[in-house]
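Secondary and tertiary structure notes
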Amino acid sequence: MARFAPLAAAVIAVAVFILDTLTTFDIAIAVLYVVVVLLALNFAGKIELVAIGAGCMGLTLLSFLLSHGHQLPADSIGRCLVSLAAIGITTFLAFRVKAAIGILADSEQRYRSIFLATGVGILQMDFTGLKNAFDRYKSNNVQRIDDIERREPGFARSALKMFKLTNANNTALNMFNAPNVGALELLLPSLVSEDMEGKVWKLLASLWAGNQSYEAEAVLKMSDGRQLIFLYNVAVPFDRPALDMVLISIMDVTARREAENELHAARSQLAHVARVATLGELTVSIAHELNQPLAAVVTNGGAGLRWLKREVPDLTKVQSSMESMVADATRASDVIKHLRGLSVKSPPDPDNVDLNEVAEETITLLQREIDINQVSLRVDLAEDLPKVVGDRVQLQQVVLNLLLNAIQAMAHVPESRRELLVRSSREESAVLFSVHDTGPGIPPEISSNLFDPFYTTKPDGMGMGLSICRSILTVHGGGISASSEPGAGTTFEFTIPFNREIG
Ligand code: ADP
């Protein structure tokens, strides 16, 4: 159509000119030049458009002069002026339209360049199918997405099929190694493994709630076997509640996460080495402290034996040697008591501690560990929890140990089943705090050794965590216990009485 527009415009211009010049109808035929101007919108630029408008007006005047000669009847002048005004106004409006189209095209071009060339992968998706499915559930009185999750666990996977990819920029195509948008659309659902269904439900919950933005990280297995970590944001433009245009921006953060993880691993290794070094130092100092009284026991024992072996044993000397031995052994025992006291001192600064706060702080400290291990965390803290008298730092150490053990215990459980539940509640005279994990549980044969110092089943464990927890809780007048069904996870529970003074 656009190709023939100049020809059509020229033919119409000539036809109008001939009709206008040769016929004597009482109508303003020249008004038809506006069709020429409108056709010119398709092929002419702004300047050409003005020239064509001016040309049409010129032809109108020429026809007028040719057909009327020196007689200028008033009605003909009127018709000519009407035609000139119509052509002039149409040209002016066409000029404005042309200018607006130019601005629009420039802006379109600019956004297109940004879309195509930006370093962030952008997927333009159409979620209309999902929106329709949501509307059907809502009209059937389904109030919460959890109800669908419970009744139809397969919905997450079928929802993925309702996502239509309408466009993708070059960065996104390169990220997924797809030659074009069609190939990427086919590829996308296969990248979402079963482990990731929990994440799909979270995205669905956000869309169900009508949120305009959802951000998360996903680990995707590429077709070449590589595992890449993506940070993605799902944005629903505010004027698209029908979800017919949803923009997903994606960044490959694999290298960044790997560097962070290496740093994290290096830090924990350093902490471990530091702990082992401290333990080494402690061992040396224990050996040193104990060596002296034990050597004295041996010396006094030897002396006592010699006095006994005499032909006439000197019982007074034997008695004095044995008394020295008892004194030395008591010293050795005091050294040990002193060392134990050092590891778990009485609270230096007893304080009123809010265990909920301690739990929240500890969770914040461990948030990275929780994320890296893809553990899904549920926190259920009692609102009316009384404060307990105790040492905040020590109690934080207890919670930290229990949470770390729980996270480590779930290392070999599939990611979708790693659940950590942290609860607190008020009992009759004590605060009860529990940490439940969905790890492998504790085999009955080791349950009696759990709280023993140096008991560990981990290749790099020290086996001091639970033993220290128990000592700390004993000092706080409380206790700790573990319950577990093999295969169904473990719960560690501790209690601390409230309304008590600590000594
Ligand atoms: P470590 O963590 O250094 O091994 P701990 O005293 O904290 O020392 O734990 C002792 C042992 O108790 C662990 O090696 C592990 O076998 C077992 N254990 C602790 N917590 C859990 C748990 N949540 N699930 C299963 N086993 C656990």
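Owing to the predicted nature of the structure, the values given are computational and were not obtained by experimental measurement.

1. Focus: the overall build of the protein
Helices and strands together make up the secondary structure of the protein, namely 16 helices and 12 strands. For the protein, whose C-alpha radius of gyration is 43 Å, the value lies well above the compact-globule estimate of 23 Å for 503 residues. For the protein, the proportion of its 503 residues judged to be buried stands at 34%. Considering only contacts within the protein whose residues lie at least 6 apart along the sequence, 67% involve residues at least 24 apart. Looking at charge distribution, the protein has the averaged site of its 44 positive side-chain charges lying 3 Å from that of its 55 negative ones.

2. Comments concerning the site of the ligand
As a matter of local geometry, the ligand sits amid 19 residues, with Asn405, Thr456, Thr457, Lys458 and Leu466 nearest to it. The contact in question runs from an oxygen atom of the ligand to an N or O atom on the side chain of Thr457, over 2.4 Å. Against a free-state accessible area of 530 Å², the protein chains account for coverage of 92% of the ligand. Elements represented by at least two residues in the shell around the ligand include exactly α14 (392-409), α16 (465-475) and β12 (490-497). Sort the elements by how many residues they give to the shell around the ligand and α14 lands first, with three residues. Residues of the shell around the ligand, tallied by class, amount to nine nonpolar, eight polar and two charged.

3. Things to note about the pattern of salt bridges
Overall, the coordinates contain 13 salt bridges when judged by the stated rule. Between Arg226 and Asp224 there is a salt bridge; the shortest N-O distance is 2.9 Å. Linked by salt bridges that have partners in common, Glu217, Arg257 and Glu260 make up one network.

Cut-off values and rules
Sequence order as written defines residue numbering, which begins from 1 separately in each chain. Since the coordinates come from a predicted model, pLDDT governs what is reported: local features require at least 70, and pairs of side-chain atoms require 80 or more to be given and counted, while whole-chain, interface and lining totals use all residues. For side-chain calculations, the full set of non-hydrogen atoms in the structure is used, while hydrogens and water are omitted. Only DSSP runs of H or I with at least four residues qualify as helices, and only runs of E with at least two residues qualify as strands; both kinds are numbered from the N terminus onward. Computation of the radius of gyration draws on C-alpha atoms, with the globule rule given as 2.2 Å multiplied by the number of residues to the power 0.38. Buried residues are those whose accessible area, probed at 1.4 Å on protein chains only, stays under 20% of the maximum for their type, while exposed residues exceed 50% and partly exposed ones sit between those limits. Should any heavy atoms of two residues lie within 4.5 Å, those residues are considered in contact. In this tally, Asp and Glu contribute negative charge and Lys and Arg positive charge; neither His nor the terminal groups of the chain are included. Charge positions come from single atoms, namely NZ of Lys, CZ of Arg, CG of Asp or CD of Glu. If even one non-hydrogen atom of a residue comes within 4 Å of a molecule or strand, that residue is called near it. Identification of polar contacts relies on pairs of N or O atoms within 3.5 Å, with a donor-acceptor requirement for protein atoms, meaning one able to donate a hydrogen and the other able to accept it, and with residues adjacent in sequence counted only if both atoms are side-chain atoms. Shrake-Rupley sampling with a 1.4 Å probe provides the accessible areas, and residues are treated as covered by the protein chains on show and by no other component. Residue classes follow a fixed rule: Ala, Val, Leu, Ile, Met, Phe, Trp, Tyr, Cys and Pro count as nonpolar, while Asp, Glu, Lys and Arg count as charged, and any other residue, Gly among them, counts as polar. Throughout this description, the term salt bridge denotes a Lys or Arg side-chain nitrogen within 4 Å of a carboxyl oxygen of Asp or Glu.

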